[in-house]
Amino acid sequence: LVFDALKNQRIMLDQKLTISERAWRMQGSRMFIEPGWQVPVEDLIKGMIVQSGNDATVALAEGVGGSVEQFVDMMNQQAQSLGMAGTSYRNPEGMPAEGHMTTAYDLMRLATRLRLDFPEYVHYYSIKRYRYPGTPKANDMNRNLLLFRDPTVDGFKTGHTNAAGYCLVATAERPIAG
């Protein structure tokens, strides 16, 4: 949804979004942005992907959807249109919530569509390190360790909750043998 908003010029990479109290209060992994800060969309994307920043994710959801609730509605509509039958979103950041679920198949489907539909933006998933001013130095590394171990790996996204455990959707560009 964020990449679609960029592609259709509803938001711009250099556009600054105001960080809300709701975004700042997010639990779990964070970018460590403060309420009232004006943060460029591009930095929020990097914070969301590289740092798994739930605060950045909520800021983007508010910026694109107008509210978190409206963005979640948009997420569910998009999932349905992509044929993600095993997916039901309750929040943008992926924290456990009643009825919030997806499948490995649906995540593969989403990653594939992101690569096909938004090739100009998928490079964000391969960024190994990113640090925004105010972010602790220890929080600058992409949690997808395959990016550091295999030069053919070019992304995608990690996640962790106590309910789901450690999760990874990874992509790689490899020559076809034979």
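It should be noted that the structure appears before, not after, this text.
Overview of the structure. (Residues numbered from 1 in each chain as written. Predicted model: local features only at pLDDT ≥ 70, side-chain atom pairs only at ≥ 80, totals over all residues. Heavy atoms only, no water.)

1. With respect to the packing of aromatic side chains
Taken as a whole and assessed by the stated rule, the structure comprises five aromatic pairs. Ring geometry for phenylalanine 3 against tyrosine 125: centres 6.3 Å apart, planes inclined by 85°, an arrangement best described as edge-to-face. With phenylalanine 3 in helix H1 (residues 2–7) and tyrosine 125 in the loop between helix H6 (104–117) and helix H7 (146–149), the pair connects residues that are 122 residues apart, well separated along the chain. Across this residue pair, the class does not change: phenylalanine 3 and tyrosine 125 are buried. Note on tryptophan 37 and tyrosine 132: the rings are 6.3 Å apart at their centroids and 50° apart in plane angle, and the pair reads as tilted. (Phe/Tyr/Trp six-rings, centres within 6.5 Å; stacked < 30°, edge-to-face > 60°. Helix = DSSP H or I, 4+ residues; strand = E, 2+ residues; numbered from the N terminus. Buried < 20%, exposed > 50% of the residue type's maximum accessible area, 1.4 Å probe, protein only.)

2. Overview of the pattern of salt bridges
In a structure, side chains of opposite charge can pair up when their charged atoms sit close to one another. Applying the stated criterion across every chain, the model contains nine salt bridges. For aspartate 4, the salt bridge is made with arginine 10, and the minimal N-O distance between the two is 3.0 Å. A salt bridge links aspartate 154 to arginine 115, with the shortest nitrogen-to-oxygen separation between them at 3.2 Å. Highlighted residues: aspartate 154 in strand S3 (residues 153–161) and arginine 115 in helix H6, separated in sequence by 39 residues. Among the ionic contacts, a cluster of salt bridges with common partners joins Arg115, Asp154 and Glu173. (Salt bridge = Lys/Arg side-chain N within 4 Å of Asp/Glu carboxyl O.)

3. As for the packing of helix H3 (residues 41–49) against helix H4 (residues 54–65)
Where H3 contacts H4, the axes come no closer than 8 Å and their chain directions differ by 135°. With respect to H4, the element H3 is oriented oblique. When the axes of H3 and H4 are compared, the crossing they make is left-handed. In this structure, H3 uses Val41, Leu44, Ile45, Gly47 and Met48 to contact H4, whose residues at the interface are Ala56, Thr57, Ala59 and Leu60. Residues of the contact of H3 with H4, tallied by class, amount to seven nonpolar, two polar and no charged. (Axes fitted to C-alpha atoms, helices over the stretch in contact; angles between N-to-C directions. Parallel < 35°, antiparallel > 145°, perpendicular 65-115°, else oblique. Left-handed = near helix turned anticlockwise from the far one by under 90°. Contact = heavy atoms within 4.5 Å. Nonpolar A, V, L, I, M, F, W, Y, C, P; charged D, E, K, R; others polar.)

4. With respect to the nonpolar core
Grouped together as the largest cluster of nonpolar side chains are 43 residues, with contacts concentrated most on Val2, Phe3, Leu6, Met31, Leu44, Ile45 and Leu60. Broken down by element, the residue count for this core peaks at six residues, all from H4. Not counting chain neighbours up to four residues away, the residues in contact with isoleucine 45 comprise Val2, Phe3, Leu6, Leu13, Leu60 and Tyr124. (Core = buried A, V, L, I, M, F, W, Y, C linked by side-chain atoms within 4.5 Å.)

5. Remarks on H4
Taking 1.5 Å of rise per residue, 12 residues should cover 16 Å, and H4 covers 16 Å from first to last C-alpha, within 8% of that figure. Counting buried residues along H4, 11 of its 12 residues qualify, which places the element largely inside the surrounding structure. Along H4, the residues that are buried comprise Asn54, Asp55, Ala56, Thr57, Val58, Ala59, Leu60, Ala61, Glu62, Val64 and Gly65. Buried residues in H4 make contact with H1, strand S1 (16–18), helix H2 (21–24), H3 and helix H5 (68–81). Count one or two residues on from H4 and you reach glycine 66, which has phi positive near 90°. (Expected span 1.5 Å × (residues − 1).)

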